[in-house]
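# Residue-level structure breakdown
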Amino acid sequence: MADQTAATHDLLAYVRKVSLRDDDLLRELRETTADLPGGTAMQVMAEEGQLLSLLVGLTGARAVLEIGTFTGYSTLCMARALPADGVLVSCDIDDRWPAIGADFWKRDGVDSRIDLRIGDAAATLDALVAERGPESFDLVFIDADKANYVRY
Ligand SMILES: C[S@@+](CC[C@H](N)C(=O)[O-])C[C@H]1O[C@@H](n2cnc3c(N)ncnc32)[C@H](O)[C@@H]1O
C-alpha cells in the first residue's frame, strides 16, 4: 500500500476547522439524520458533501445522477452546485429516507433541480436510458448497495 494517513479525530477536526463551509440547513439535516438508526454511517460526511459540491461546480455538470439518496444530504450538496436549469436524478429503493430530505431541498430552494426516482436502481437506470438515451449524465455518484456497483 502507498503512504496512507488515517483520518484521526484530530485530523478531521483540523480539516473541518480550516476548510468546511457549513450552514444551518446542512447542520440540521446532519443532526436529523444522526437521530436515525445507522444514520451517520450511511450519510456522506460534511467534508465529503462539500467535495461533491466542488466537483459538480468544477466540472460544470448540468446533469448529475446519484444512486443512493438516503436522507438527501449528498443530493442537497450537489444540487446547490448545479445551475438553476440543471438536473440531479437521485435514486433510492426506499421512499422513507428521501422524504426527509425532500423537505430540506424545498427549504433550500433547489427542489426543482431534483428528480427523485424510487425503485431498484437497476430498473431505474434501464428506464433512464430508455427516456434520455445513453451517456446523458455529466457526473455520476454511486453510493448504494456495493454488490451492484459494477452493474450500475
Ligand atoms: C449509503 S446510503 C446513501 C447516502 C447518501 N448518499 C447520503 O449522503 O446521505 C445508501 C442508500 O442506497 C439505497 N439503496 C440500497 N440498495 C438500493 C438499490 N438496489 N436501488 C436503489 N437504492 C438502493 C438505500 O436505501 C440507502 O438509502
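Look a little higher up for the structure.
Keep in mind it's a predicted model, so treat the numbers as computed, not measured.

So, on to the environment of Phe-137. Looking at where Phe-137 falls in the secondary structure, it is placed in the loop between helix 7 (121-132) and strand 4 (139-142). Aside from chain neighbours lying at most four places away, what touches Phe-137 is Ala-63, Val-64, Leu-65, Val-89, Leu-128 and Arg-132.

Let's shift gears to the packing of helix 2 (residues 24-34) against helix 5 (residues 73-81). As a packed pair, helix 2 and helix 5 sit with axes 10 Å apart at the nearest point and diverge in direction by 160 degrees. Considering the angle they form, helix 2 stands roughly antiparallel to helix 5. In the crossing of helix 2 with helix 5, the sense of the turn from one axis to the other is right-handed. For the pair helix 2 and helix 5, contact is made by Leu-25, Leu-26, Leu-29 and Arg-30 and by Tyr-73, Leu-76, Cys-77 and Arg-80, respectively.

Once that is clear, we can look at the site of the ligand. Near the ligand there are 18 residues, and of these Ser-74, Asp-92, Asp-120, Ala-121 and Asp-143 occur at the shortest range. Within the backbone of Phe-70, one N or O atom sits 3.5 Å away from an oxygen atom of the ligand. Within the side chain of Asp-120, a nitrogen or oxygen atom sits 2.9 Å from a nitrogen atom of the ligand. Isolated, the ligand exposes 610 Å² of accessible area, and the fraction of that covered by the protein chains is 90%.

Quick look at unusual backbone geometry now. Phi at Phe-70 is positive, roughly 50 degrees, even though this residue is not glycine. Note that Phe-70 resides in the loop between strand 1 (63-67) and helix 5. Within the chain, Glu-135 stands out as a residue other than glycine whose phi angle is a positive 50 degrees. Assignment of secondary structure puts Glu-135 in the loop between helix 7 and strand 4. For Glu-135, a relative accessible area of 83% corresponds to the exposed category.

So, about the side chain of Glu-47. Secondary-structure assignment places Glu-47 in helix 4 (residues 46-59). Assessed through its relative accessible area of 15%, Glu-47 is described here as buried. Here Arg-16 takes part through its side chain, which lies 2.8 Å from a polar atom of the side chain of Glu-47. Here Glu-47 is in contact with Leu-12, Arg-16 and Leu-20, once residues within four sequence places are set aside.

A word on the side chain of Arg-113. Along the chain, the position of Arg-113 falls in the loop between helix 6 (96-108) and strand 3 (114-118). Buried charge without a partner: Arg-113 forms no salt bridge, and the closest opposite charge is Asp-108, 6.8 Å away. In contact with Arg-113, not counting residues within four places along its chain, are Ala-79, Arg-80, Leu-82, Pro-83, Ala-84, Gly-86, Val-87 and Leu-88.

A separate point is a nonpolar patch on the surface. A cluster of nonpolar side chains, Leu-51, Leu-54, Leu-55 and Leu-58, forms an exposed patch at the surface whose accessible area comes to about 390 Å². With respect to the helices, strands and loops of the structure, Leu-54 is situated in helix 4.

Looking now at the nonpolar core. Of all hydrophobic cores here, the largest spans 22 residues; its most connected members are Val-56, Val-64, Tyr-73, Leu-76 and Met-78. Of all the secondary-structure elements, those providing two or more residues to this core are helix 2, helix 4, helix 5, helix 6 and strand 4. At five residues, helix 5 tops the list of elements feeding residues into this core. When residues no more than four places from it in sequence are discounted, the contact partners of Tyr-73 are Leu-26, Leu-29, Arg-30, Gln-43, Val-44, Met-45, Ala-46 and Gly-49. Counting eleven residues, the second-largest nonpolar core is a separate cluster that includes Ala-63, Ile-67, Cys-91 and Ala-122.

Rules behind the numbers
Note that residues are indexed from 1 along each chain, following the sequence as it is written. Given that this is a predicted model, residues contribute local features only at a pLDDT of at least 70 and side-chain atom pairs are listed and counted only at 80 or more, while totals for whole chains, interfaces and linings are drawn from all residues. The basis for every side-chain value is the complete set of non-hydrogen atoms in the structure, without hydrogens or water. Only DSSP runs of H or I reaching four residues or more are called helices, and only runs of E reaching two or more are called strands; each is numbered from the N terminus. Contacts are residue-level and defined by heavy atoms, with any inter-residue pair within 4.5 Å sufficient. Between the N-to-C directions of two axes lies an angle of 0 to 180 degrees, each axis being a line fitted to C-alpha atoms and, for a helix, fitted only over the stretch in contact. Angle categories: roughly parallel below 35 degrees, roughly antiparallel above 145, roughly perpendicular from 65 to 115, and oblique for all the rest. Handedness of each helix crossing follows the sense of rotation of the near helix against the far helix: counterclockwise by less than a right angle gives left-handed, clockwise gives right-handed. What makes a residue near a molecule or strand is one non-hydrogen atom of that residue sitting within 4 Å of it. Here a polar contact is recorded for every N or O atom pair within 3.5 Å, except that within protein the pair must consist of a potential hydrogen donor and a potential acceptor, and residues adjacent in sequence are included only if both atoms are side-chain atoms. Surface exposure here means Shrake-Rupley accessible area, sampled with a 1.4 Å probe, where a residue is shielded only by the protein chains that are shown. Burial classes: relative accessible area under 20% of the type maximum marks a residue as buried, over 50% as exposed, and values in between as partly exposed (1.4 Å probe, protein chains only). We treat Lys and Arg as the positive residues and Asp and Glu as the negative residues; His and chain ends play no part in the count. Note on definitions: salt bridges are taken to be side-chain nitrogens of Lys or Arg within 4 Å of carboxyl oxygens of Asp or Glu. Patch membership needs two things, relative accessible area over 30% and no salt bridge, and members are linked within 9 Å if like-charged or within 5 Å if nonpolar (Val, Leu, Ile, Met, Phe, Trp, Tyr). Only buried residues count toward a nonpolar core, which is a set of Ala, Val, Leu, Ile, Met, Phe, Trp, Tyr and Cys residues joined through side-chain atoms within 4.5 Å.

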